[in-house]
Each structure stands twice: as C-alpha cells, then as structure tokens.
Amino acid sequence: MIAAAAAPHIPAYQHLALPAPAWLLVTLSTITFWIHLIFVSAVVGISCILLLRCLLLRNRSEIDRQINSRALRSLPLCISLAINFGVAPLLFTQCLYGPWFYTASIFIAPFWLAVLALLLIGFISTYLARLKQSLIGFICTLLMPLAFIAILYIMTNNSVLTIQPEHWIEFHRHTSALHVPDPIVGPRLLHNLAIIITLGGLAWAWLSRSKPAPDSQLTQTNINRHATRIGLQYFFLGLPLQIAFTIWYLQTLPKPLQSQLLHTSNSISIIWYASLFLIGLALLTGIVAAFKAAGRFSLAITTILTALSLAGNLIVRQHIRTYYLSRDIAGNLDIYNPNSTTGWQVQNHNSAIIAFAILAVICLITIIVMLKLVRSRPAQS
Amino acid sequence: MDYPIWYLPYFGGAMVIASIAIVHVFIAHFAVGAGLFNAIAETHALRHNDTAIQKFLRDNSKLIILLPLIGGVVTGVGIWFSISIVSPETTSILIHLFLWAWALEWLLFTVEIISGYLYYYTWKTISPRAHCFIGWVYAVSAFLSLVVINGILTFMITPGHIFDSSTTPFTFSFWPGLFNPAYWPSLILRTISALTLGALFALVLINASRKYTPAERDRLTQLAGKALLPLVLAIPAAVWYFFRCPPLSLSYLTGGSVVMGLLFAFALVGFTLIAFYSYTFIIVRKHSVTLGTALLLLILAFIATGASEFVREGMRKPYLIWNHVYSNGILKSQAPAIRDTLTAQQPIRREATIAQLRDLPYTGPVPNDTVLRFHPWAINPIDVNIPIVTDPQAIALELGLTVAQLPLDRQGAHLAEFTISEAEFYTQDPLIFANLLRQHRTGQAIRGQWIYNAQCLRCHDFDGYNAIKPLVRNWTPTMLARSLEHLESFRGFMPPFFGSPNDRDDLAYFMHTLDGQCSRCHETLDDQANRVNLLPITAKDNWEPLP
Ligand code: HEM
C-alpha cells in the first residue's frame with residue numbers, strides 16, 4: 001500500500017484501502033490518544049506521588065491518610081480508562097502506520113508483551129497497596145509507579161522505533177534490545193515524564209478530594225485545600241521540567257524539523273507556540289489556584305489549560321511522525337496523499353462511519369445519564 | 001512473509017496468542033454472561049422485593065462485575081499485542097476491513113467499564129431502580145460488544161462472497177462482512193456459553209457462602225437454573241454453525257484430526273450434560289445443589305468452552321482467513337505470483353541484505369539510505385551461523401583446505417565468505433548474493449533457513465511444541481522435497497509451499513540438516529581415513545534432483 005515506487009515488490013496483501021480518510025483517522029487517533037495520556041498521567045502521577053508521600057511522610061495525619069486512601073482508590077478506574085483509551089489510538093495507528101508500527105513492536109516483542117505483565121502487576125498492586133502498614137502494602141506502593149514507568153519507557157521506545165527504520169538494522173543485531181540508540185529517546189522520555197508529573201499533580205488535586213468521614217473533625221474545605229496544595233506542588237515541579245525537556249527534545253530533532261517548528265509561521269509552529277503559551281498561562285492560574293486551594297474554579301482553569309497545551313503537543317507529535325516517515329529511508333510515506341504513486345488508497349466505509357458517530361452519541365448520552373443518576377438520586381435503603 | 005518473524009522459543013508464536021486468547025475468551029464470555037445474569041436477577045429481586053437476591057448480588061459484585069472487567073481489559077489488550085507481533089499481515093488486513101467494527105466495540109467497552117465501576121460503587125448510594133438501570137447498561141453494552149466482535153471472528157471462517165483479496169485494493173463490503181454466513185449461529189452459541197458460565201459461577205458463589213438460608217439459596221439456585229435453560233439450543237445452533245462452515249473445515253471433526261474430533265465431542269457432551277442436569281434436577285425436581293456439584297459444573301463448562309474455542313480455531317487451518325490468508329500470512333491470491341516471479345525471493349532478498357549488513361561495522365544509524373530501500377519494514381533477523389557446518393573439518397574438506405588454513409574467526413561462519421570475494425560480498429545485489437549462496441551446501445542451508453523462517457516458523461519452532469525436528473527425523477532430502485511439492489495435500493492443515501524448485505530444494509536441504517544425525521550417512525575425515533564407504537559430504541548431487 002505504501003512506497004510502491006521505492007519498493008516495487010510489496011506483496012499484494014498490502015494493497016488495503018483505508019476505511020476512512022486519513023484526516024479522520026488522525027483526528028480520532030489524536031483525540032483518543034489525548035484522553036489516553038490524561039488518564040495515564042493520572043495513573044503514573046498519582047502512583048508516583050503516593051510512593052513519594054509514603055517515603056517522605058513519617059507521621060501521617062488523619063487528613064493525609066484520608067486523601068492518600070482516596071487517591072489510591074481512584075486508580076483502578078483510571079487504569080481501566082487509560083488502557084481503554086490506549087486501545088483506540090492503537091487501532092488507528094495500526095491502520096495508518098501498520099508496516100512501521102508492527103515491525104517496531106516485533107523487534108521489541110518481549111518487552112511489548114511484558115507490558116501486559118506490568119499492567120497486571122500495576123493493577124493488582126493498586127488493590128494490595130491498600131494493606132496499610134504491612135510489607136506487602138509497601139512493596140505494592142513501590143511496584144505501582146515502577147510498573148507504570150516501565151510501560152512508559154517501552155511505549156516511548158516503540159514510538160521512536162516506529163518512525164526510525166534506520167535503527168531497525170541495529171535491532172537485528174540485538175534481538176532482545178529495547179532502548180533505541182538515538183539522541184531523541186532520552187529527552188522524549190523525560191519530556192513525557194514531565195508532562196505526566198504536571199498533569200498527574202492536577203489529577204491528584206481532583207481525585208484525592210475525599211468526603212470527610214462522619215466521625216471526623218475534618219471539613220470538606222480542609223480536605224480540598226490540602227489535596228489541591230499537594231497536587232499543585234507536583235504541578236509546579238513538573239512544569240519547569242516540562243519546558244526544559246521540551247527545549248532539549250527540540251534540539252535533538254532533525255534541523256529541518258526544528259526550523260519548521262521554530263522559525264516559520266506555518267500552522268504547526270503556531271500550534272507549537274500556542275501550546276507553550278498555554279502552559280505558561282497554566283503556570284499563572286496555577287499560582288492563583290494555590291492561593292484559593294479550597295475552590296474549584298482556578299484549579300479547573302489550570303487543568304483545562306494544561307490539557308489543551310497537551311493537545312497542542314500531540315498535534316506537534318503527529319507532525320514529527322509525519323516528517324520522519326516522509327523521509328526516503330522510511331519509504332516516503334504520505335498518508336494524506338491517496339492515489340498518488342504510493343498506491344495508497346481510501347475506500348470509505350461510510351455507513352459504518354455513520355454508525356460509529358450515532359453510537360458515539362448514544363454512548364455519551366448513556367454515560368451522562370448514568371452520571372446524573374449517580375449524582376442526583378439519594379440513597380434509599 | 002513481509003514482517004520480521006517473532007516466536008517464543010519452544011512455545012511458538014501461535015501458542016502465545018492461544019494462551020492469552022483462551023483466558024480472554026473465558027473472562028469475556030463470563031463477563032457477558034455474568035452481566036446478563038446479574039441484570040436479570042436484580043430486576044427479578046426488584047419486582048418480587050427479594051432482598052436476599054439483592055444482598056447476594058451486592059455481596060458478590062466485585063467478583064461478578066469488577067474482576068472480569070479488569071481481567072477482560074488486560075487480556076483484551078493482550079490479544080491485540082500478541083496478534084500484531086505474531087501475525088501482523090492478517091491483523092493488518094482485519095484492521096483495515098473492520099476498523100469501524102472495532103471502533104464500535106471500543107465505544108461499547110467504554111460504556112461497559114464506566115457502568116461496571118458505577119454499578120460496583122453505587123449499591124448503597126443510589127435508588128435500587130437507578131442501580132438496576134446501571135446494571136442493565138452494563139449487561140447490554142457487554143452483550144453488544146460480543147455482537148460486534150462475533151462478526152469479526154466468524155468472518156475469519158466464512159468471509160463469504162463479498163470479500164475478494166485478489167483485487168487491488170481488496171474488494172469488501174462492511175455489513176455483509178460483519179454479518180457473514182456463520183454469524184448468527186455463532187452468536188447464539190456464544191451467548192449460550194456466556195450465560196452458562198455466568199449462571200454457574202453464581203451457583204458456585206451461592207453455595208460457597210453460609211450467609212444465606214437454605215430457602216434463599218434455593219431461590220437463587222432456581223434463578224441460575226433458568227439461565228442455564230438456553231443450553232438446549234446448543235446442539236441445534238452448533239449444527240447450524242457447522243452447516244455454514246466450509247465443508248473442508250468440517251472434515252477435521254469427522255476424522256481428519258483425532259484431537260479436534262475428541263475436543264469437539266467433549267464440548268458437545270459437556271454442554272449437553274450441564275443442560276440435562278439443570279433441567280432435570282434444578283428445574284423439574286427442584287433439587288438444591290451442593291458446592292461440589294456447582295464447582296464441577298462450572299469447571300465442565302469452562303473446559304467445554306475452551307474445547308469449542310480450540311475447535312473453532314483449528315477448523316480454520318490452513319487459513320487464518322478462510323480461502324484468503326494462510327496461517328503463515330501468505331495470501332492465496334498471491335500464490336501464482338510467488339511461484340512465478342521475484343516475489344518469492346523477497347524474504348530471501350531481505351535476509352541476504354541483512355546477512356550482508358550484519359558484517360558491516362556498526363557506526364550509528366545506517367548511513368546509506370539505499371541500504372534499507374528494498375523493503376524498509378521487512379527485514380528479518382537471521383543467525384547466519386547455522387550450526388550444521390560449524391564443524392571446521394567439514395568446511396575445510398569442502399573447500400579443499402586443511403583446518404589450519406581456515407581463518408580462525410571464520411571457522412563456522414557462513415560459507416559464502418569462502419567462495420565470494422570480500423568485495424563481491426559487500427557490493428552484490430542481495431539477490432545475486434543469495435543466489436551465489438546456492439553454490440554451496442552451507443549456502444543452500446542458509447537460504448533454506450530463510451525460506452523456512454518466512455513460511456514455516458510461524459507454526460513450527462525447531463524444538464518444543466509442534467516442533468519440526470521430531471517431525472522430520474530420519475527423512476531424506478528427497479522425501480522432504482517430495483512432500484514440500486504438495487504440502488497442502490500431504491497434510492490438509494498446512495499451506496502449500498511457495499517458491500521455485502531451487503527454493504524447495506534448499507528448504508529440504510535445510511530441514512534435512514535439522515536431523516542432527518549427519519554422520520549416520522555422511523563420511524567424516526576419520527571415516528575417510530578408515531575408508532568407510534559412506535556418502536561423501538562433498539558430493540553435491542548425491543540425492544535425487546527434483547523434477
Ligand atoms: C498505564 C500504562 C501506560 C502508560 C504509562 C502509557 C504511556 C504512554 C506514553 C507516554 C506514550 C507516548 C510515547 C511517545 O510517543 O513517546 C504512549 C503511547 C501509546 N500508548 Fe500508552 N501507556 C500505557 C498503556 C497503554 C496501553 C495498555 C495501550 C494499548 C491498549 C496503550 C496504547 C498506546 C498507543 C497506541 C500509543 C501510541 C499512539 C500513537 O502513536 O498515536 N498504552 N503511551
């Protein structure tokens with residue numbers, strides 16, 4: 001389906017038509033991937049914060065115990081949703097970039113499969129970490145962030161290997177390698193981690209707000225303030241790191257790509273700058289939120305700005321992939337250019353796309369109805 | 001054939017998929033069945049104000065709803081990850097054809113996750129009716145995800161006439177593809193199996209707890225017994241299903257494969273026994289059930305489900321998509337092209353490229369873009385140090401040298417280096433290089449292994465499960481080559497061999513070397529010294545040339 005000119009002997013079974021225009025697949029992939037990363041941030045961020053708090057806080061007050069336990073209890077749902085929202089971009093990525101994506105994951109197959117074991121370890125740990133003051137509880141508190149960060153490391157290498165076939169040959173030599181020997185890997189990894197800490201801090205601020213226990217002296221305002229302050233500490237830690245690593249990451253990118261992002265006034269550089277601007281703005285609103293820690297408004301604005309900045313980041317990430325795969329060595333892929341010499345074709349499954357849109361609306365309404373039921377109906381028995 | 005091959009040593013690649021998939025099938029069927037059973041039971045409890053049933057559902061919703069949900073999420077991803085590294089070509093085809101079906105399924109699964117968690121967490125915080133509604137949302141979304149995924153699974157055995165993989169691009173029609181000939185009977189079978197697992201699990205839980213009075217236990221048992229009733233439809237649905245399947249695929253069950261026949265019989269008997277028990281003893285005679293019986297029935301149902309899944313998968317051989325894609329990822333419509341043109345040489349060319357590149361000193365990313373131009377995404381790791389001629393004596397003998405004359409670091413390395421000059425070795429077109437390899441036995445074996453990797457390794461590792469070594473023990477190259485000629489009729493569940501007579505020759509030679517008993521027929525230097533009359537290892541055409 002791709003690069004027929006560069007590689008005339010591509011077998012016929014690659015002649016598969018895309019079931020939707022590439023722009024639609026890219027858009028859906030970016031949106032769902034965005035939500036994936038938001039939940040991933042909640043999972044990795046909260047589990048890291050929990051570990052740090054477990055190590056640093058010797059005498060935990062009642063309020064600390066309450067918000068820790070609330071944050072821990074939010075993890076299983078966040079993990080389920082992080083995984084679920086990983087499946088959607090997985091679908092679209094396979095469809096658009098299958099040949100590169102499959103090959104990369106085959107090269108790192110043992111690690112790729114290890115993601116499953118790590119997920120299980122992480123998942124189970126979120127339950128066992130509830131066993132307070134026990135060795136198992138502590139080990140699981142330790143295992144949770146380690147398992148998730150290991151997944152993050154594997155995912156980042158896979159993403160890099162997917163767009164850099166020049167390294168494939170190296171993976172033939174070391175069949176059980178994972179780390180891609182390229183200068184972009186380090187900064188990309190740290191950049192991902194910093195984003196996750198920034199967003200994870202915000203996730204903590206929201207998700208660790210527990211209701212005060214009936215017999216407790218604590219008020220909801222106290223708890224909210226405490227939860228927000230802790231979350232924002234990590235937000236303020238992650239944010240400068242994110243900016244620093246972004247700049248480093250940028251410097252490791254190929255020169256033409258750098259100049260596209262920095263020096264020309266094209267749509268992608270506008271998004272790039274807008275994303276930086278948004279994160280700067282989030283810094284300011286974050287400071288306001290720290291002062292008004294019990295409230296929701298400025299925290300909500302900070303969260304929205306940070307999430308929007310992430311969305312900008314992801315559009316730039318997509319552009320980076322497009323650039324890398326358009327190189328000769330990657331087969332000159334151009335997914336937006338169907339029916340060109342590349343042999344790339346599109347045959348829309350229109351009725352299925354419409355069914356998807358309708359079902360998406362139905363599902364959204366169902367979810368809203370359920371959430372409303374949960375919020376409004378009083379307990380009866 | 002286009003992608004690098006990955007397999008787990010001793011276990012194979014297909015077994016990795018199978019082990020994850022079977023766990024997933026158990027969990028997913030159970031999740032669907034448990035969801036339906038739960039919703040029905042909660043509605044029943046609401047209508048009849050039966051607090052015991054409500055209490056039972058509440059006490060166990062972690063086991064009934066939450067655990068299968070979590071297990072389903074992880075193993076579901078596991079299937080994605082494993083199929084894409086073991087069978088990327090087929091995964092890619094299915095993704096392109098059914099992208100929107102999976103997207104629909106994904107939407108449903110999102111609702112399933114959210115409703116599952118809400119269901120679990122809101123027992124005490126919302127009204128019973130609202131809670132029951134959420135239970136139904138969970139049940140319906142779980143069931144509908146089965147409705148979608150069932151279409152993709154049955155497409156693989158009965159793709160129907162709307163699919164043509166010989167055109168560019170493939171001809172396909174989405175809805176008839178999803179609702180293909182085997183769709184409905186399979187949906188009925190899966191729903192029955194899901195309900196059975198859900199109800200039997202409930203039966204186990206009811207009897208495992210001492211919290212309920214015998215009367216309460218009996219009420220719950222009756223309810224579970226009713227959910228087992230659809231089992232009476234299992235046999236007619238199975239007959240309908242088989243009626244829809246390609247006749248050749250049925251031949252495995254009617255004697256073509258003993259294992260499959262037995263498993264099929266087991267599944268049938270298992271489900272029938274459960275149906276018989278629940279109808280006669282639970283529903284008609286209203287007997288109570290002990291924990292032991294409930295457990296036994298559940299295990300029986302799990303094994304029967306596993307057996308029927310194994311049969312369903314096995315019936316597809318030698319295809320992954322019936323009549324279109326073989327188990328090794330080669331398209332049936334490609335066959336003539338592969339036989340006649342350079343296409344067959346593709347894995348060979350790829351491997352030759354790698355074989356050449358492996359010896360280049362590594363200095364960071366490969367500098368020359370042309371190196372990978374042949375097929376950037378389709379290179380395969382290959383160990384050119386094939387053990388067969390690691391014996392320096394044999395190499396020396398073949399080259400007419402003494403062992404001492406062999407360069408030390410080259411002992412046991414690929415023989416091509418001894419015949420092709422360094423310059424030639426590095427500059428040749430990989431295909432020319434690959435063909436030069438044919439001039440020597442070792443080179444032939446190297447080519448043979450490349451072909452083996454491309455066409456056979458997906459199903460046969462060298463050692464371990466379904467391994468090739470024991471299968472070809474004591475076979476002569478001639479026997480091997482003959483069987484390769486008509487592999488598909490030699491064993492019905494294998495794809496035909498694709499390649500030129502030369503390729504077949506090389507593959508046969510490579511397989512022959514796997515025997516590891518060369519000295520039984522071939523002379524060694526010692527034999528030579530003692531004048532033992534064995535086949536000389538140097539004689540190239542000591543076995544019948546192929547027609
Ligand atoms: C909780 C564990 C997980 C973590 C921490 C995680 C983290 C990440 C990160 C950081 C990236 C971006 C890598 C980069 O581009 O540098 C990523 C990409 C991705 N992840 Fe996850 N992930 C997790 C689980 C999953 C799961 C279970 C799936 C599959 C179901 C998944 C599917 C994906 C996909 C498909 C991409 C690439 C998307 C694209 O290229 O468009 N992730 N993940």
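Residues numbered from 1 in each chain as written. Chains lettered and ligands numbered in written order. Predicted model: local features only at pLDDT ≥ 70, side-chain atom pairs only at ≥ 80, totals over all residues. Heavy atoms only, no water.

K.L.:
Can you lay out the overall build of chain A for me, pointing to particular residues and giving the numbers?
P.N.:
Scanning chain A from N- to C-terminus turns up 11 helices and zero strands. Each helix and strand of chain A, placed in order from N terminus to C terminus, yields the pattern α-α-α-α-α-α-α-α-α-α-α. Its C-alpha atoms give chain A a radius of gyration of 23 Å, near enough to 21 Å, the size a compact globule of 381 residues would have. Considering only C-alpha atoms, chain A reaches an extent of 75 × 45 × 45 Å along its principal axes. Counting all 381 residues of chain A, 56% fall into the buried class. Intrachain contacts of chain A at a sequence separation of at least 6 include 77% that bridge at least 24 residues. Computed over 23 positive and 8 negative side-chain charges, the inter-centroid distance for chain A is 16 Å. (Helix = DSSP H or I, 4+ residues; strand = E, 2+ residues; numbered from the N terminus. Rg over C-alpha atoms; globule rule 2.2 N^0.38 Å. Buried < 20%, exposed > 50% of the residue type's maximum accessible area, 1.4 Å probe, protein only. Contact = heavy atoms within 4.5 Å. Lys, Arg positive; Asp, Glu negative; His and termini not counted. Charge placed at Lys NZ, Arg CZ, Asp CG, Glu CD.)

K.L.:
Lay out the nonpolar core in plain terms, naming residues and giving numbers.
P.N.:
Ranked by internal contacts, the top residues of the largest apolar core, which has 213 residues, are Phe 98 and Trp 100 of chain B. For this core, the leading source of residues is helix H2 (residues 62–107) of chain A, giving 25 residues. In contact with Trp 100 of chain B, not counting residues within four places along its chain, are Pro 19, Ala 20, Leu 24, Leu 25, Leu 28, His 349, Ala 352, Ile 353 and Phe 356 of chain A together with Phe 174 of chain B. Tyr 452, Leu 484, Leu 487 and Phe 497 of chain B belong to the second-largest nonpolar core, a separate cluster that totals 19 residues. (Core = buried A, V, L, I, M, F, W, Y, C linked by side-chain atoms within 4.5 Å.)

K.L.:
Could you give me a rundown of the confidence of the model for chain A, with the residues and numbers involved?
P.N.:
Averaged over all residues, the pLDDT of chain A equals 88, while 92% of them reach at least 70. Low pLDDT (under 50) marks residues 1–13 of chain A, which in the prediction has 53 contacts with non-local residues, meaning those over four places away or in another chain. (pLDDT = per-residue confidence, 0-100.)

K.L.:
Please give an account of the environment of Ser 298 of chain A that cites residues and values.
P.N.:
Residue and element names in this part refer to chain A. Checked against the element boundaries, Ser 298 lands in helix H10 (residues 297–325). Residue Ser 298 is classed as buried on the basis of its relative accessible area of 10%. Separated by 82 residues in the primary sequence, Ser 298 and Ser 216 have C-alpha atoms spaced 28 Å apart. In this structure, Ser 298 is in contact with Thr 285, Val 288, Ala 289 and Lys 292, ignoring residues within four places of it in sequence.

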